[in-house]
4 protein chains.
Amino acid sequence: MNDSGRVEAFSDGVFAVAITLLILEIKVPAEAGDQLLRELGHQWPSYAAYVVTFLVIGIMWVNHHTVFGFVERVDRTLLFLNLLLLLGVVALPWAASLVAEYLAEGQEGSSLLHGSDAAHIAMAVYGSFMVYHAVVFQALWMHLTKTGHLFDSRIDTEAARRTRWRFGLGLIIYPCTVALAFVSAPLALALHGGLAVYYALNQISVPVHDTAS
Amino acid sequence: MNDSGRVEAFSDGVFAVAITLLILEIKVPAEAGDQLLRELGHQWPSYAAYVVTFLVIGIMWVNHHTVFGFVERVDRTLLFLNLLLLLGVVALPWAASLVAEYLAEGQEGSSLLHGSDAAHIAMAVYGSFMVYHAVVFQALWMHLTKTGHLFDSRIDTEAARRTRWRFGLGLIIYPCTVALAFVSAPLALALHGGLAVYYALNQISVPVHDTAS
Amino acid sequence: MNDSGRVEAFSDGVFAVAITLLILEIKVPAEAGDQLLRELGHQWPSYAAYVVTFLVIGIMWVNHHTVFGFVERVDRTLLFLNLLLLLGVVALPWAASLVAEYLAEGQEGSSLLHGSDAAHIAMAVYGSFMVYHAVVFQALWMHLTKTGHLFDSRIDTEAARRTRWRFGLGLIIYPCTVALAFVSAPLALALHGGLAVYYALNQISVPVHDTAS
Amino acid sequence: MNDSGRVEAFSDGVFAVAITLLILEIKVPAEAGDQLLRELGHQWPSYAAYVVTFLVIGIMWVNHHTVFGFVERVDRTLLFLNLLLLLGVVALPWAASLVAEYLAEGQEGSSLLHGSDAAHIAMAVYGSFMVYHAVVFQALWMHLTKTGHLFDSRIDTEAARRTRWRFGLGLIIYPCTVALAFVSAPLALALHGGLAVYYALNQISVPVHDTAS
């Protein structure tokens, strides 16, 4: 057993570093000379991947904290599931890099909307990380609602149990983004951005006895 | 709703990582041999971009904390505006890199004070980030003063409301730095440094009922 | 003397940054074109090194916190031993990179299971870091149990003293992983992964008077 | 005015990230093949720069915290001096990289102990950062002892005032390391390591009324 404050502080640190490392994905155009503005323009896939992934990690952090704000005790399973979640979060700067690199390649030699085969694959890999996060987050929530005693006293354990598929929606939507990646890579990226904004403005709620917090 | 402590801790982490990643922008001269001292001297735009951007991020952190120190409750809009602010902060190591790269290029083939076309563009991009920060910070302050109930009890909400254009000055100054970038890139960079030092020594004040804190 | 909270916060930060820097080890395949999926597949040693080292650092963080959660006072020796421990943790992204690079090389020109000579050496270096951690952690625990007065009051100092070889098992297992590296580099990496999962699910316990925490 | 807790948390973050970024300075030998062990051996200046700079940043963090642990209030000058201190700390991974690069170059074509001209310059730059830190730390301590009211109540302000040259020793020693760099670069690096260990085991003390903390 372990108190949840430490797990949160560590997770916060990991989220904060991962979201900031995203910027290393965007390169400064080398020796662009007079063409700097044009070269910068060509980098739009890097900017798009940066903005979308920034919002994705930001919202994941918000959800992580909403949930852990109600966790008082941490058992080994929760600790391990949390590590598995962070394992995916930390990989996102790499996934964003992959998308930026191959969306850019898709610009030449094929229509923008469709993109190259590599762009499809890159975007499908990106979407797979979101499927992974949805699965681990769902497992984490199920563990919390099933055990019950890890929650703090504000939580209505019975009501929480009825929400155990709370994050199940992601298990349907995110596989769809993987499929969409093969139709249009840029559209799939845009959808990830849209989902992040949607989740930002429609935060998850947690069933509590009273309106504390 | 969410307590502001967590948002602050996460934002602190992001500020701290972003300010430290700045150093990755400065490269070690490769195989300089006997010319090491000279090669180091040639890197002055990297050092200048580093120092100025370090102070800029440092002061933004100070302002961010002064404001959030008076925030007790966080709603979805504030959370989202804060994410948008951090989106710009995290990009600053890239912007500093861009300036360092093209101020250096400006050294050869054109007068130092004027700089190359690329130096102008790089510096204008840098200034645009400051415009972006000023806009988001202003939006954030307006949201806080308009809603009022997010402040803690020390704040005189009526007086705070009258300061809702508090950060409006940046909306005038920073676009000017973008214009100045096209006249002289090094001067524009120096102005950003000067503004940071000015803000460091003239911290914003927040209208409180009493002198708590 | 120094309170342990600060040492923990600093150590937490270092663990969180080190675990996140691991991702920089995995490169995005350059100009893979149609071969992206195959190129990604060829990177399996990078993914394996990432996942295993992520779990290793994650579990080290858990153990570090379990121990420091019972430390109330910090003397100079503890401070120095803690710095020595972090010195090894911070180096792990480099060790993971080394393994990823030379396990990949081992793929061509020699059997996968055996690997190249370079793969053996890389994996032995990796294992040596674990030996180093085991030695420092053991020294740290011995210092804590020998002095006794650094623990908080929940700890049964006498019982703790009898556990002073608690981390001694690692002093036997980890040198074995170094030896195994010369037999099969991939097996040695897998063993490190297995040990991390084992430690994750079988957390160390600390002898306390009562069941506080 | 600003409470010191936030300044500490931010500074902690910066110290933790800077100390961890040090590892990026050490490269993995590329395509070493059978020569991996030898190639790793050739990298000793990188390892030396890493270990010494790790200890230097670690001890600076300890001193920073010992001092700020007694600071209750933060004025604008202190805030600015602290930013200037961090400006130097963040640059250390670059300075370590510089030393590693040019100590390695010094290996060939000149005696190891003496090193190349570039090695002297690199080491002198490294030492200059320590001079810079000593100056800023001394200025910070003088500001604290002169104003007095920023300390918390445990501090004996009169006694503290008499220690205002506490960090003055560094103002003598560190310039000597710069001079020593021109005699022998490796010796100068070793001296920095020795000073760090010395400071680790002989922590600064602060005059307090009673033995709190």
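What you are looking at is a predicted structure, and each value in this text was computed from that prediction instead of being measured. (Residues numbered from 1 in each chain as written. Chains lettered and ligands numbered in written order. Predicted model: local features only at pLDDT ≥ 70, side-chain atom pairs only at ≥ 80, totals over all residues. Heavy atoms only, no water.)

**A word on the overall build of chain A**
Summing up its helical and strand segments, chain A has eight helices and two strands in all. Scanning chain A from its N terminus toward the C terminus, one meets helices and strands in the order β-α-α-α-β-α-α-α-α-α. Here chain A, with 213 residues, has 60% of them falling under the buried criterion. Nonlocal contacts in chain A, meaning residues at least 24 apart in sequence, comprise 80% of its contacts between residues at least 6 apart. For chain A, the exposed area adds up to about 8000 Å²; of that, 63% sits on carbon and sulfur atoms. (Helix = DSSP H or I, 4+ residues; strand = E, 2+ residues; numbered from the N terminus. Buried < 20%, exposed > 50% of the residue type's maximum accessible area, 1.4 Å probe, protein only. Contact = heavy atoms within 4.5 Å. Areas by Shrake-Rupley, 256 points an atom, 1.4 Å probe, with all protein chains shown as cover.)

**What about the interface of chain C and chain D?**
Contacts between the two partners involve 31 residues from chain C and, on the opposite side, 41 residues from chain D. Taking both partners together, chain C and chain D bury about 3000 Å²; carbon and sulfur atoms supply 76% of that area. At the boundary of chain C with chain D, the tally comes to zero salt bridges. Counting every contact that joins chain C to chain D gives six residue pairs in polar contact (both at pLDDT 80 or more). Of all the elements in the fold, those that place two or more residues in the side of chain C that touches chain D are α1 (4-21), α4 (76-107) and α5 (117-147) of chain C. The element that contributes the greatest number of residues to the side of chain C that touches chain D is α4 of chain C, accounting for 14 residues. Here the residues of the side of chain C that touches chain D sort into 23 nonpolar, three polar and five charged. (Buried area = accessible area lost by both parts, 1.4 Å probe. Salt bridge = Lys/Arg side-chain N within 4 Å of Asp/Glu carboxyl O. Polar contact = N/O pair within 3.5 Å; in protein donor to acceptor, adjacent residues only side chain to side chain. Nonpolar A, V, L, I, M, F, W, Y, C, P; charged D, E, K, R; others polar.)

**Side note on the interface of chain C and chain A**
Contacts between the two partners involve 40 residues from chain C and, on the opposite side, 31 residues from chain A. Across the contact surface, chain C and chain A share zero salt bridges. Inspection of the chain C/chain A interface yields six residue pairs in polar contact (both at pLDDT 80 or more). Among the elements of the structure, α1, α2 (36-42), α3 (44-68) and α8 (185-201) of chain C are those that each provide at least two residues to the side of chain C that touches chain A. Grouping the amino acids of the side of chain C that touches chain A by side-chain chemistry returns 26 nonpolar, nine polar and five charged.

**A short note on the relation of the copies chain C and chain D**
Its rotation angle being 90°, the transformation that places chain C on chain D also includes 0.0 Å of axial translation and leaves an RMSD of 0.0 Å. The superposition operator between the copies reduces to a four-fold rotation axis. (Least-squares fit on C-alpha atoms with pLDDT ≥ 70 in both.)

**Re helix α8 (residues 185-201) of chain B**
Residue and element names in this part refer to chain B. Taking 1.5 Å per residue as the helical rise, α8 with its 17 residues ought to reach 24 Å, and the 25 Å between its terminal C-alpha atoms agrees with that figure. Here α8 has its buried residues at A185, P186, A188, L189, H192, G193, L195, A196 and A200. The residue sitting at the N-terminus of α8 and contributing the capping side-chain oxygen is S184; that oxygen lies 3.3 Å from the backbone nitrogen of L187. (Expected span 1.5 Å × (residues − 1).)

**Brief notes about the relation of the copies chain C and chain A**
For the match of chain C to chain A, the screw axis carries a shift of 0.0 Å, the RMSD comes to 0.0 Å, and the turn is 90°. Interface residue correspondence from chain C to chain A reaches only 8%, placing this contact among heterologous pairings that use different surfaces.

**Digging into unusual backbone geometry**
Notably, E31 of chain A is not glycine yet its phi reads approximately 45°, a positive angle. By the secondary structure assignment, E31 of chain A is in the loop between α1 (4-21) and α2 (36-42).

**Some details on the packing of helix α5 (residues 117-147) of chain B against helix α7 (residues 168-183) of chain B**
Residues and elements named next belong to chain B. Closest axis-to-axis distance for the α5/α7 pair is 8 Å, and the angle between their directions is 175°. Relative to α7, the element α5 is oriented roughly antiparallel. Residue-level contacts link H120, M123, A124, G127, S128, M130, V131, A134, V135 and Q138 of α5 to G168, G170, L171, Y174, P175, T177, V178, A181, F182 and V183 of α7. Within the contact of α5 with α7, the residues separate by chemical class into 13 nonpolar, seven polar and no charged. (Axes fitted to C-alpha atoms, helices over the stretch in contact; angles between N-to-C directions. Parallel < 35°, antiparallel > 145°, perpendicular 65-115°, else oblique.)

**Thoughts on the pattern of salt bridges**
Residue and element names in this part refer to chain B. Overall, the coordinates contain four salt bridges over all chains when judged by the stated rule. In this structure, E72 engages R73 in a salt bridge whose closest nitrogen and oxygen atoms are separated by 3.3 Å. Judged by relative accessible area, E72 falls into the partly exposed class, the value being 41%.

**A few points about the environment of Q43 of chain C**
Tracing the sequence through the fold places Q43 of chain C in the loop between α2 and α3. Taking the relative accessible area as the measure of exposure, Q43 of chain C reaches 14% and is therefore buried. With 61 residues separating them along the chain, Q43 of chain C and A104 of chain C place their C-alpha atoms 7.1 Å apart. For Q43 of chain C, the contacting residues outside a window of four places in its chain are W94 of chain A together with I26, K27 and P29 of chain C. Of the polar contacts made by the side chain of Q43 of chain C, one reaches the backbone oxygen of K27 of chain C; its length is 2.6 Å.

**Re α5 of chain C**
Along an α-helix, residues three or four positions apart point the same way, because every turn accommodates 3.6 residues. Residues and elements named next belong to chain C. An ideal rise of 1.5 Å per residue puts 45 Å on 31 residues; α5 measures up with 45 Å between its terminal C-alpha atoms. The buried count for α5 comes to 22 of 31 residues, which makes it a mostly enclosed element. Just downstream of α5 lies G148, where phi reads positive at about 75°.

**Brief notes about the packing of aromatic side chains**
With the rule as written, the count across this model stands at 24 aromatic pairs over all chains. Ring plane angle 55° and centroid distance 5.8 Å describe the contact between Y50 of chain A and F54 of chain A, whose orientation is recorded as tilted. Taken together, the residues Y50 of chain A and F54 of chain A, both in helix α3 (residues 44-68) and four residues apart, mark about one turn of the helix. In this structure F54 of chain A comes out as buried when scored by relative accessible area, which is 0%. Taking 6.0 Å as the distance between ring centres and 70° as the angle between the ring planes, the aromatic pair formed by Y47 of chain B and W94 of chain D counts as edge-to-face. Pair noted here: Y47 of chain B is in helix α3 (residues 44-68) and W94 of chain D is in helix α4 (residues 76-107), and the two residues belong to different chains. A residue is classified by how much of its surface remains accessible, and W94 of chain D, at 7% relative accessible area, is buried. An aromatic cluster is present here, built from Y47 of chain A together with W94 and F129 of chain B joined pairwise through their rings. (Phe/Tyr/Trp six-rings, centres within 6.5 Å; stacked < 30°, edge-to-face > 60°.)

**Details of the side chain of S184 of chain B**
You can see S184 of chain B is positioned in the loop between α7 and α8. Separated by 3.3 Å, the side chain of S184 of chain B and the backbone nitrogen of L187 of chain B make a polar contact.

**As for a positive patch on the surface**
Residues K27 of chain A, K27 of chain B, K27 of chain C together with K27 of chain D make up a contiguous surface patch of positive charge. With respect to the element layout, K27 of chain A can be found in the loop between α1 and α2. A relative accessible area of 55% places K27 of chain A in the exposed class. (Patch = residues over 30% accessible without salt bridge, like charges linked within 9 Å, V, L, I, M, F, W, Y side chains within 5 Å. Lys, Arg positive; Asp, Glu negative; His and termini not counted. Charge placed at Lys NZ, Arg CZ, Asp CG, Glu CD.)

**Quick look at the environment of I155 of chain D**
Within the secondary structure, I155 of chain D is located in the loop between α5 (117-147) and α6 (157-161). As for I155 of chain D and E25 of chain D, which are separated by 130 residues in sequence, their C-alpha atoms are 41 Å apart.

**Looking at the packing of α3 of chain C against α5 of chain C**
Residue and element names in this part refer to chain C. Two elements in contact, α3 and α5, have axes separated by 12 Å at closest approach and are oriented at 5°. Our classification of the angle between α3 and α5 gives roughly parallel. Facing V52, T53, V56, M60, N63, H64, V67 and F68 of α3, the residues of α5 in contact are Y126, M130, H133, F137, L140, W141 and L144. Taken together, the residues that form the contact of α3 with α5 break down as eleven nonpolar, four polar and no charged.

**Details of the confidence of the model for chain A**
Looking at chain A, the pLDDT average stands at 86 and 88% of residues meet or exceed 70. Here the predicted complex scores 0.91 on pTM and 0.88 on ipTM. (pLDDT = per-residue confidence, 0-100.)

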